[in-house]
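# Fold and geometry: a report
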Amino acid sequence: GSTFCNVFAEDVTAKMGAPLPRMMANDLYNWLGGSGGRNAGWKPVSAAEAQRMANQGQPTVAVYHNDSGIHGHIAMVRPGSMAGAGNPAIAQAGAHNFLHGHLRDGFGSLPVRYYTHA
């Protein structure tokens, strides 16, 4: 029942020079949206901007906060193309691991926020 989306995102962003702290996905969502993220160079962007930044090689994530107290989810926005509005290319670890997918493959219709490191 354990998944490690947060570890995947933390490892990838660290290798890209923009490390995320070691936290669960819900905590990363809060950190990215708060002063922790801003102080570490992360900023919120739209889905289209997230895809554009990932295509330029910038560390970019999609993150969901699960209000029920169960773990949320985080994935890397990866270089590629949008598969429709609000559906950027992603790579993720979790219940389903993949390197070449799109947001809806990993998050379904969950409300996500996007952040990039500039």
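Structure first, text after, so check above.
For the structure given in this document, a descriptive report is provided here.

Secondary structure summary: the protein chain contains five helices and six strands in total. Order of helices (α) and strands (β) in the protein chain, N terminus to C terminus: α-α-α-β-α-β-β-β-β-α-β. The C-alpha radius of gyration of the protein chain comes to 13 Å, within 12% of the 13 Å expected for a compact globule of 118 residues. When its C-alpha atoms are laid out on the principal axes, the protein chain stretches across 30 × 30 × 25 Å. Expressed as a percentage of its 118 residues, the buried residues of the protein chain come to 45%. Restricting to contacts in the protein chain with at least 6 residues of sequence separation, those with at least 24 account for 54%.

The subject of this paragraph is the side chain of Thr-60. Within the fold, Thr-60 resides in strand 2 (residues 60-64). For Thr-60, the side chain forms a polar contact with the main-chain oxygen of Gln-58, separated by 3.0 Å. In this structure the side chain of Thr-60 is engaged in a polar contact, spanning 2.8 Å, whose partner is the side chain of Thr-116. Sequence-distant contacts of Thr-60, that is, excluding residues within four places in its chain, are made with Trp-42, Ala-50, Met-53, Ala-54, Ala-75, Met-76, Val-77, Tyr-115 and Thr-116.

So, on to the nonpolar core. By size, the foremost hydrophobic cluster in this structure holds 15 residues, and its most contacted members are Leu-20, Leu-32, Trp-42, Val-61, Val-63, Ile-74 and Tyr-115. Only helix 1 (5-15), helix 2 (25-33), strand 2 and strand 3 (73-77) provide two or more residues apiece to this core. Apart from the residues lying within four places of it in its own chain, the contact partners of Leu-32 are Leu-20, Gly-37, Trp-42, Val-61, Val-63, Ile-74 and Tyr-115. Ala-50, Val-77, Ile-90 and Phe-98 belong to the second largest nonpolar core, which has 14 residues in total.

Scoring rules and cut-offs
Residues numbered from 1 in each chain as written. Predicted model: local features only at pLDDT ≥ 70, side-chain atom pairs only at ≥ 80, totals over all residues. Heavy atoms only, no water. Helix = DSSP H or I, 4+ residues; strand = E, 2+ residues; numbered from the N terminus. Rg over C-alpha atoms; globule rule 2.2 N^0.38 Å. Buried < 20%, exposed > 50% of the residue type's maximum accessible area, 1.4 Å probe, protein only. Contact = heavy atoms within 4.5 Å. Polar contact = N/O pair within 3.5 Å; in protein donor to acceptor, adjacent residues only side chain to side chain. Core = buried A, V, L, I, M, F, W, Y, C linked by side-chain atoms within 4.5 Å.

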